[in-house]
Amino acid sequence: MRFVDEARILVKAGKGGRGCMSFRREKFVPKGGPDGGDGGNGGSVYLRADSRLLSLYDFRLKRVYEAQNGQPGRGGQCDGKKGADLVLGLPVGTLVFAEGVPSGEAAEGEDCAAGEDAGSGERLLADLSEPESLVLVARGGRGGKGNEHFKSSTMRAPRFAQPGEPGEEVTLRLELKILADAGLIGLPNAGKSTFISRVSAARPKIADYPFTTITPNLGVMIDEVDPEKRMIIADIPGLIEGAHAGLGLGHRFLRHVERTRFL
Ligand SMILES: Nc1nc2c(ncn2[C@@H]2O[C@H](COP(=O)(O)OP(=O)(O)OP(=O)(O)O)[C@@H](O)[C@H]2O)c(=O)[nH]1
Ligand SMILES: [Mg+2]
(Lines give C-alpha, C1' and ligand atoms only; values in the text may rest on other atoms or scores of the structure.)
(Ligands and ions follow the chains in the order given, each with its own letter.)
Protein backbone atom coordinates (compact mmCIF):
# COMPACT_ATOMS: atom_id res chain seq x y z
CA MET A 1 0.00 0.00 0.00
CA ARG A 2 1.33 3.40 -0.93
CA PHE A 3 0.57 6.70 0.67
CA VAL A 4 -1.58 8.88 -1.46
CA ASP A 5 -1.44 12.61 -1.46
CA GLU A 6 -4.33 14.21 -3.27
CA ALA A 7 -5.57 17.64 -4.25
CA ARG A 8 -8.23 19.11 -6.48
CA ILE A 9 -7.60 22.39 -8.28
CA LEU A 10 -9.25 24.55 -10.91
CA VAL A 11 -7.02 25.89 -13.68
CA LYS A 12 -8.14 28.70 -15.94
CA ALA A 13 -6.38 29.82 -19.07
CA GLY A 14 -6.48 33.53 -19.92
CA LYS A 15 -9.17 35.11 -22.09
CA GLY A 16 -8.15 36.41 -25.46
CA GLY A 17 -8.10 40.20 -25.69
CA ARG A 18 -10.86 41.80 -27.73
CA GLY A 19 -10.08 43.10 -31.20
CA CYS A 20 -10.26 46.86 -31.67
CA MET A 21 -12.72 48.81 -33.80
CA SER A 22 -10.99 52.02 -34.83
CA PHE A 23 -10.39 54.26 -37.84
CA ARG A 24 -7.39 56.27 -38.77
CA ARG A 25 -8.06 59.92 -37.98
CA GLU A 26 -5.42 62.31 -39.17
CA LYS A 27 -5.30 65.77 -40.62
CA PHE A 28 -5.22 65.75 -44.45
CA VAL A 29 -5.98 62.00 -44.50
CA PRO A 30 -9.69 61.79 -45.12
CA LYS A 31 -11.26 58.38 -44.70
CA GLY A 32 -8.07 56.97 -43.25
CA GLY A 33 -9.45 53.47 -43.10
CA PRO A 34 -9.79 50.90 -40.35
CA ASP A 35 -6.78 50.56 -38.06
CA GLY A 36 -7.99 48.52 -35.06
CA GLY A 37 -5.40 46.00 -33.87
CA ASP A 38 -5.93 42.39 -32.82
CA GLY A 39 -6.34 41.32 -29.20
CA GLY A 40 -3.52 39.28 -27.66
CA ASN A 41 -3.99 35.58 -27.00
CA GLY A 42 -4.73 34.56 -23.43
CA GLY A 43 -1.99 32.76 -21.49
CA SER A 44 -2.13 28.97 -21.24
CA VAL A 45 -1.68 26.80 -18.16
CA TYR A 46 1.07 24.17 -18.14
CA LEU A 47 2.13 21.62 -15.56
CA ARG A 48 5.80 20.83 -15.08
CA ALA A 49 7.30 17.91 -13.13
CA ASP A 50 9.73 19.34 -10.60
CA SER A 51 12.01 16.93 -8.75
CA ARG A 52 12.47 19.36 -5.84
CA LEU A 53 8.81 19.16 -4.86
CA LEU A 54 7.69 16.38 -2.56
CA SER A 55 4.04 16.88 -1.74
CA LEU A 56 0.79 18.32 -2.98
CA TYR A 57 0.30 20.20 0.23
CA ASP A 58 0.43 23.67 -1.35
CA PHE A 59 -2.41 22.76 -3.65
CA ARG A 60 -4.69 22.29 -0.70
CA LEU A 61 -4.12 25.86 0.37
CA LYS A 62 -4.69 27.49 -2.99
CA ARG A 63 -7.22 25.95 -5.33
CA VAL A 64 -7.68 28.26 -8.29
CA TYR A 65 -4.87 29.00 -10.74
CA GLU A 66 -5.25 31.49 -13.56
CA ALA A 67 -3.06 32.45 -16.47
CA GLN A 68 -3.10 36.08 -17.61
CA ASN A 69 -5.67 37.47 -20.02
CA GLY A 70 -4.57 38.86 -23.38
CA GLN A 71 -4.65 42.65 -23.74
CA PRO A 72 -7.22 44.18 -26.07
CA GLY A 73 -6.09 45.54 -29.42
CA ARG A 74 -5.85 49.31 -29.86
CA GLY A 75 -6.17 51.84 -32.62
CA GLY A 76 -3.24 52.70 -34.86
CA GLN A 77 -2.81 49.00 -35.73
CA CYS A 78 -1.57 48.16 -32.25
CA ASP A 79 -2.04 44.51 -31.35
CA GLY A 80 -2.69 43.63 -27.70
CA LYS A 81 -0.02 41.92 -25.65
CA LYS A 82 -0.26 38.18 -25.17
CA GLY A 83 -1.20 37.04 -21.64
CA ALA A 84 1.62 35.34 -19.72
CA ASP A 85 1.47 31.55 -19.45
CA LEU A 86 1.23 29.97 -16.05
CA VAL A 87 3.51 27.03 -15.29
CA LEU A 88 2.63 25.03 -12.19
CA GLY A 89 5.33 22.85 -10.67
CA LEU A 90 4.21 19.43 -9.42
CA PRO A 91 6.15 16.66 -7.73
CA VAL A 92 7.54 14.01 -10.07
CA GLY A 93 5.18 11.02 -10.04
CA THR A 94 1.97 13.04 -9.92
CA LEU A 95 -0.95 11.67 -11.88
CA VAL A 96 -3.23 14.35 -13.29
CA PHE A 97 -6.88 13.60 -13.94
CA ALA A 98 -9.32 15.96 -15.61
CA GLU A 99 -12.80 15.97 -14.17
CA GLY A 100 -15.77 16.16 -16.47
CA VAL A 101 -15.15 16.90 -20.10
CA PRO A 102 -12.45 19.49 -20.71
CA SER A 103 -13.58 22.29 -22.98
CA GLY A 104 -11.93 21.93 -26.37
CA GLU A 105 -8.97 19.72 -27.06
CA ALA A 106 -6.54 20.93 -24.40
CA ALA A 107 -5.80 17.38 -23.44
CA GLU A 108 -4.10 16.43 -26.65
CA GLY A 109 -0.61 17.74 -25.87
CA GLU A 110 2.41 15.59 -26.62
CA ASP A 111 3.13 14.23 -23.17
CA CYS A 112 -0.45 13.35 -22.52
CA ALA A 113 -1.17 9.70 -22.03
CA ALA A 114 -4.79 9.36 -22.96
CA GLY A 115 -6.70 7.17 -20.56
CA GLU A 116 -10.32 6.70 -19.74
CA ASP A 117 -11.99 6.13 -16.43
CA ALA A 118 -15.58 5.60 -17.42
CA GLY A 119 -16.92 5.14 -13.91
CA SER A 120 -16.07 8.52 -12.44
CA GLY A 121 -16.15 10.67 -15.58
CA GLU A 122 -12.45 11.33 -15.06
CA ARG A 123 -9.76 11.16 -17.63
CA LEU A 124 -6.03 10.72 -17.11
CA LEU A 125 -4.48 13.82 -18.63
CA ALA A 126 -0.89 13.31 -17.72
CA ASP A 127 1.53 11.15 -15.78
CA LEU A 128 4.36 13.39 -14.66
CA SER A 129 6.84 10.58 -14.20
CA GLU A 130 9.73 12.25 -16.02
CA PRO A 131 11.42 15.22 -14.32
CA GLU A 132 10.98 18.45 -16.29
CA SER A 133 8.19 17.08 -18.48
CA LEU A 134 5.78 19.82 -19.48
CA VAL A 135 2.09 19.32 -20.21
CA LEU A 136 -0.46 21.80 -21.53
CA VAL A 137 -3.70 21.50 -19.56
CA ALA A 138 -5.67 24.62 -20.47
CA ARG A 139 -5.16 26.57 -23.67
CA GLY A 140 -5.51 30.33 -23.66
CA GLY A 141 -8.33 31.92 -25.66
CA ARG A 142 -7.47 33.42 -29.02
CA GLY A 143 -7.43 37.18 -29.25
CA GLY A 144 -10.14 38.76 -31.42
CA LYS A 145 -9.27 40.28 -34.78
CA GLY A 146 -9.34 44.04 -34.99
CA ASN A 147 -11.44 45.75 -37.66
CA GLU A 148 -8.43 46.35 -39.86
CA HIS A 149 -8.48 42.65 -40.48
CA PHE A 150 -11.87 42.77 -42.12
CA LYS A 151 -11.24 45.44 -44.69
CA SER A 152 -11.73 44.41 -48.28
CA SER A 153 -12.57 45.99 -51.59
CA THR A 154 -16.26 45.62 -50.88
CA MET A 155 -16.13 46.55 -47.20
CA ARG A 156 -13.86 49.50 -46.75
CA ALA A 157 -15.11 50.60 -43.36
CA PRO A 158 -15.88 47.53 -41.25
CA ARG A 159 -17.55 48.78 -38.08
CA PHE A 160 -16.94 45.66 -36.07
CA ALA A 161 -14.17 43.66 -34.48
CA GLN A 162 -14.06 40.17 -32.95
CA PRO A 163 -14.34 39.63 -29.22
CA GLY A 164 -11.61 37.51 -27.61
CA GLU A 165 -12.31 33.84 -27.04
CA PRO A 166 -12.58 32.56 -23.47
CA GLY A 167 -9.71 30.49 -22.13
CA GLU A 168 -10.20 26.83 -21.27
CA GLU A 169 -11.06 25.90 -17.72
CA VAL A 170 -10.58 22.49 -16.25
CA THR A 171 -10.83 20.93 -12.81
CA LEU A 172 -7.84 18.70 -12.12
CA ARG A 173 -7.48 16.00 -9.56
CA LEU A 174 -3.84 15.53 -8.63
CA GLU A 175 -2.71 12.27 -7.14
CA LEU A 176 0.76 11.50 -5.85
CA LYS A 177 1.77 8.05 -4.74
CA ILE A 178 4.65 7.85 -2.33
CA LEU A 179 6.43 4.71 -1.32
CA ALA A 180 8.22 5.04 2.01
CA ASP A 181 11.82 3.81 2.29
CA ALA A 182 11.75 3.08 6.00
CA GLY A 183 8.98 2.28 8.45
CA LEU A 184 8.88 2.92 12.21
CA ILE A 185 7.17 0.27 14.27
CA GLY A 186 6.97 0.05 18.04
CA LEU A 187 4.85 0.05 21.14
CA PRO A 188 2.57 3.02 21.77
CA ASN A 189 4.36 5.92 23.41
CA ALA A 190 7.80 4.61 22.43
CA GLY A 191 8.83 7.87 20.75
CA LYS A 192 8.23 7.04 17.08
CA SER A 193 6.59 10.36 16.27
CA THR A 194 9.26 12.20 18.25
CA PHE A 195 11.94 10.50 16.13
CA ILE A 196 10.36 11.44 12.80
CA SER A 197 9.86 15.02 14.00
CA ARG A 198 13.61 15.28 14.74
CA VAL A 199 14.99 13.82 11.54
CA SER A 200 12.51 15.35 9.10
CA ALA A 201 10.29 18.37 8.66
CA ALA A 202 7.21 16.33 9.61
CA ARG A 203 5.39 17.67 12.68
CA PRO A 204 3.16 14.86 13.90
CA LYS A 205 1.27 15.10 17.14
CA ILE A 206 3.40 13.97 20.07
CA ALA A 207 2.03 13.34 23.55
CA ASP A 208 2.71 11.18 26.56
CA TYR A 209 -0.27 8.90 26.17
CA PRO A 210 -0.57 5.76 24.04
CA PHE A 211 -2.12 5.92 20.57
CA THR A 212 -1.42 9.58 20.00
CA THR A 213 -0.84 8.72 16.36
CA ILE A 214 -3.98 7.39 14.74
CA THR A 215 -3.10 7.71 11.06
CA PRO A 216 0.29 7.24 9.40
CA ASN A 217 2.66 10.19 9.04
CA LEU A 218 5.31 10.61 6.40
CA GLY A 219 8.57 12.42 6.95
CA VAL A 220 11.14 13.22 4.31
CA MET A 221 14.81 13.26 5.30
CA ILE A 222 16.80 15.37 2.87
CA ASP A 223 20.56 15.25 2.44
CA GLU A 224 21.78 18.78 3.12
CA VAL A 225 24.62 18.45 0.62
CA ASP A 226 22.67 16.79 -2.14
CA PRO A 227 18.94 17.55 -1.84
CA GLU A 228 18.22 15.02 -4.56
CA LYS A 229 19.12 12.32 -2.04
CA ARG A 230 16.31 11.71 0.34
CA MET A 231 14.66 9.08 2.41
CA ILE A 232 10.98 8.86 3.23
CA ILE A 233 10.11 7.52 6.66
CA ALA A 234 6.67 6.36 7.67
CA ASP A 235 5.48 6.66 11.26
CA ILE A 236 2.51 4.43 12.00
CA PRO A 237 0.29 4.01 15.05
CA GLY A 238 1.74 1.93 17.89
CA LEU A 239 1.26 -1.80 18.09
CA ILE A 240 0.46 -3.80 21.22
CA GLU A 241 0.34 -7.49 21.90
CA GLY A 242 -2.84 -8.86 20.41
CA ALA A 243 -2.99 -6.19 17.66
CA HIS A 244 -3.63 -8.98 15.15
CA ALA A 245 -6.84 -9.70 17.08
CA GLY A 246 -7.88 -6.08 16.99
CA LEU A 247 -6.42 -4.86 20.28
CA GLY A 248 -5.34 -1.23 20.32
CA LEU A 249 -5.72 0.18 16.83
CA GLY A 250 -5.17 -3.23 15.30
CA HIS A 251 -2.38 -4.03 12.88
CA ARG A 252 -3.91 -2.87 9.60
CA PHE A 253 -1.49 0.06 9.42
CA LEU A 254 1.34 -2.41 8.85
CA ARG A 255 0.38 -2.54 5.19
CA HIS A 256 1.69 1.02 4.89
CA VAL A 257 5.19 -0.16 5.73
CA GLU A 258 4.99 -3.58 4.12
CA ARG A 259 7.17 -2.70 1.17
CA THR A 260 9.69 -0.43 2.81
CA ARG A 261 13.38 -1.37 2.71
CA PHE A 262 13.89 -0.98 6.48
CA LEU A 263 11.75 -1.33 9.56
N1 LIG B 1 12.56 10.55 28.07
C2 LIG B 1 12.33 10.48 26.77
N3 LIG B 1 11.08 10.77 26.37
C4 LIG B 1 10.82 10.68 25.06
C5 LIG B 1 11.82 10.33 24.11
N6 LIG B 1 11.25 10.35 22.88
C7 LIG B 1 9.95 10.70 23.06
N8 LIG B 1 9.68 10.91 24.36
C9 LIG B 1 8.40 11.26 24.96
O10 LIG B 1 7.55 10.12 24.89
C11 LIG B 1 6.20 10.49 24.69
C12 LIG B 1 5.60 9.74 23.52
O13 LIG B 1 6.23 10.18 22.34
P14 LIG B 1 5.60 9.98 20.91
O15 LIG B 1 6.60 10.42 19.93
O16 LIG B 1 4.23 10.60 20.86
O17 LIG B 1 5.46 8.39 20.87
P18 LIG B 1 4.82 7.48 19.76
O19 LIG B 1 5.61 6.22 19.67
O20 LIG B 1 4.65 8.22 18.48
O21 LIG B 1 3.42 7.15 20.40
P22 LIG B 1 2.04 6.71 19.72
O23 LIG B 1 1.81 7.56 18.54
O24 LIG B 1 1.00 6.95 20.76
O25 LIG B 1 2.17 5.25 19.35
C26 LIG B 1 6.18 12.01 24.52
O27 LIG B 1 5.80 12.59 25.72
C28 LIG B 1 7.65 12.32 24.17
O29 LIG B 1 7.98 13.62 24.60
C30 LIG B 1 13.13 10.08 24.58
O31 LIG B 1 14.06 9.77 23.83
N32 LIG B 1 13.32 10.16 25.93
MG1 LIG C 1 3.03 8.72 17.48
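Residues numbered from 1 in each chain as written. Chains lettered and ligands numbered in written order. Predicted model: local features only at pLDDT ≥ 70, side-chain atom pairs only at ≥ 80, totals over all residues. Heavy atoms only, no water.

Visitor: If you had to explain the sheet that holds strand β11 (residues 230-235) to someone new, which residues and values would you point to?
Guide: The strand order across the open sheet formed by three strands is β9-β11-β10, and the pairing between neighbours is mixed. A strand with exactly one partner marks an edge of an open sheet, and here the two such strands are β9 (182-184) and β10 (217-222). The average undirected angle you get between the axes of adjacent strands in this sheet is 25°. Here three bridges tie β9 to β11, and the two strands are oriented parallel to one another. Its bridge partner being in β11, L184 is matched across the sheet by D235. (Pairing = 2+ DSSP bridges. Helix = DSSP H or I, 4+ residues; strand = E, 2+ residues; numbered from the N terminus. Axes fitted to C-alpha atoms, helices over the stretch in contact; angles between N-to-C directions.)

Visitor: Summarise the state of the cysteines; cite the residues concerned and give the values.
Guide: Applying the stated criterion to the full structure yields zero disulfides. The thiol of C20 is unpaired, and the distance to the nearest cysteine sulfur, on C78, comes to 9.0 Å. Residue classification places C20 among the buried residues on the basis of a relative accessible area of 12%. Overall, C78 belongs to the partly exposed group, its relative accessible area being 30%. (Disulfide = S-S within 2.5 Å. Buried < 20%, exposed > 50% of the residue type's maximum accessible area, 1.4 Å probe, protein only.)

Visitor: Any chance you could break down the site of ligand 1 for me, citing the residues and the numbers?
Guide: The local shell around ligand 1 holds 16 residues, among which S193, T194, F211, T212 and T213 are the closest. Between ligand 1 and G238 there is a distance of 3.4 Å, counted from an oxygen atom to a backbone nitrogen or oxygen. Considering ligand 1 on its own, with 650 Å² of exposed area, one finds that the protein chains cover 63% of that surface. Tallied by class, residues from the shell around ligand 1 come to seven nonpolar, seven polar and two charged. (Near = heavy atom within 4 Å. Polar contact = N/O pair within 3.5 Å; in protein donor to acceptor, adjacent residues only side chain to side chain. Areas by Shrake-Rupley, 256 points an atom, 1.4 Å probe, with all protein chains shown as cover. Nonpolar A, V, L, I, M, F, W, Y, C, P; charged D, E, K, R; others polar.)

Visitor: Which residues make up the side chain of D50, and what values go with them?
Guide: By the secondary structure assignment, D50 is in strand β2 (residues 45-50). Apart from residues lying up to four places away in sequence, D50 is in contact with L90, P91 and V92. (Contact = heavy atoms within 4.5 Å.)

Visitor: Just give me the short version of the coordination of the magnesium ion (ligand 2), but keep the residues and values in it.
Guide: Within the protein, the atoms that donate to the magnesium ion (ligand 2) are S193 (OG) and T213 (OG1), at distances of 2.0 Å. You can see S193 sitting in helix α2 (residues 192-199) and its partner T213 sitting in the loop between α2 and β10, a full 20 residues away along the chain. (Donors = N, O, S within 2.8 Å, 3.2 Å for Na, K, Ca; no water.)

Visitor: Break down the domain arrangement of the chain for me, citing the residues and quoting the values.
Guide: Splitting the chain by domain gives domain 1 (3-178) and domain 2 (182-257). Put simply, the middle of domain 1 and the middle of domain 2, counted by C-alpha atoms, are 43 Å apart. Around 600 Å² of area is buried between domain 1 and domain 2 when both sides are counted, 75% of it from carbon and sulfur atoms. Looking at the side of domain 1 that touches domain 2, its residues break down into three nonpolar, one polar and no charged. (Domains from an automatic or database assignment. Buried area = accessible area lost by both parts, 1.4 Å probe.)

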